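Architecture at a glance
Letter by letter, the chains look like this.
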Amino acid sequence: MPEYEFVDVYVPRGVTRKEATRLLTDHAEYGHWELERLSLLRDGSRRVRLRRRIIRQLRATW
C-alpha cells in the first residue's frame, strides 16, 4: 500500500479561477503534488488537499 503525505491549501474568496489554477499547477509541476480533494465553501473560498507519494529508499547492505 503506498504512503502519501498531504498538504492543505486555502484559496481565499477574491482569487480568480485562473489564478487558483495557476497556483495548483505550480504545486503539481514543481512539488510533484496531485489533487486529492477540492471543497468550495459557502463564502466562495476554496479548501484544497494535495497529496504526493512517499518513496522510501531501502538501506544498502554491503
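Up top is the structure these notes are about.
Residues numbered from 1 in each chain as written. Predicted model: local features only at pLDDT ≥ 70, side-chain atom pairs only at ≥ 80, totals over all residues. Heavy atoms only, no water.

1. Remarks on the environment of V11
Residue position: V11 is located in strand β1 (residues 3-11). Residues V11 and H27, 16 residues apart in the sequence, show an inter-C-alpha distance of 13 Å. Setting aside residues up to four positions removed in sequence, V11 forms contacts with A20, L23, S45, R46 and V48. (Helix = DSSP H or I, 4+ residues; strand = E, 2+ residues; numbered from the N terminus. Contact = heavy atoms within 4.5 Å.)

2. A few points about the environment of R17
Within the element layout of this structure, R17 appears in helix α1 (residues 17-31). When the C-alpha positions of R17 and L58 are compared, they lie 42 Å apart, and in sequence the two are 41 residues distant.

3. Notes on the nonpolar core
Formed by V9, V11, A20, L24, W33, V48 and L50, the largest nonpolar core amounts to 7 residues. Secondary structure elements with two or more residues in this core: β1, α1 and β3 (46-54). Other than its neighbours up to four places away in sequence, A20 contacts V11, V15 and R46. (Core = buried A, V, L, I, M, F, W, Y, C linked by side-chain atoms within 4.5 Å. Buried < 20%, exposed > 50% of the residue type's maximum accessible area, 1.4 Å probe, protein only.)

4. Notes on unusual backbone geometry
Although it is not a glycine, H32 adopts a positive phi angle of roughly 60 degrees. Inspection of the secondary structure assignment puts H32 in the loop between α1 and β2 (34-40).

5. Some remarks on the pattern of salt bridges
Evaluation of the coordinates by the stated rule reveals 4 salt bridges. Between R56 and E3 there is a salt bridge, with its nearest N and O atoms 3.0 Å apart. On the criterion of sequence distance, the pair formed by R56 in the segment after β3 and E3 in strand β1 is long-range, its members being 53 residues apart. One salt bridge in this structure joins R51 and E34, with 2.7 Å as the shortest N-O distance. Of the two residues, R51 is situated in strand β3 and E34 in strand β2; the sequence distance between them amounts to 17 residues. Given a relative accessible area of 37%, E34 falls into the partly exposed group. (Salt bridge = Lys/Arg side-chain N within 4 Å of Asp/Glu carboxyl O.)

6. Quick notes on the side chain of S45
By the secondary structure assignment, S45 is in the loop between β2 and β3. Looking at S45, its side chain comes within polar contact range of the side chain of D43, at 2.7 Å. (Polar contact = N/O pair within 3.5 Å; in protein donor to acceptor, adjacent residues only side chain to side chain.)

In short, the description is geometric, and any link to function would need to be established separately.
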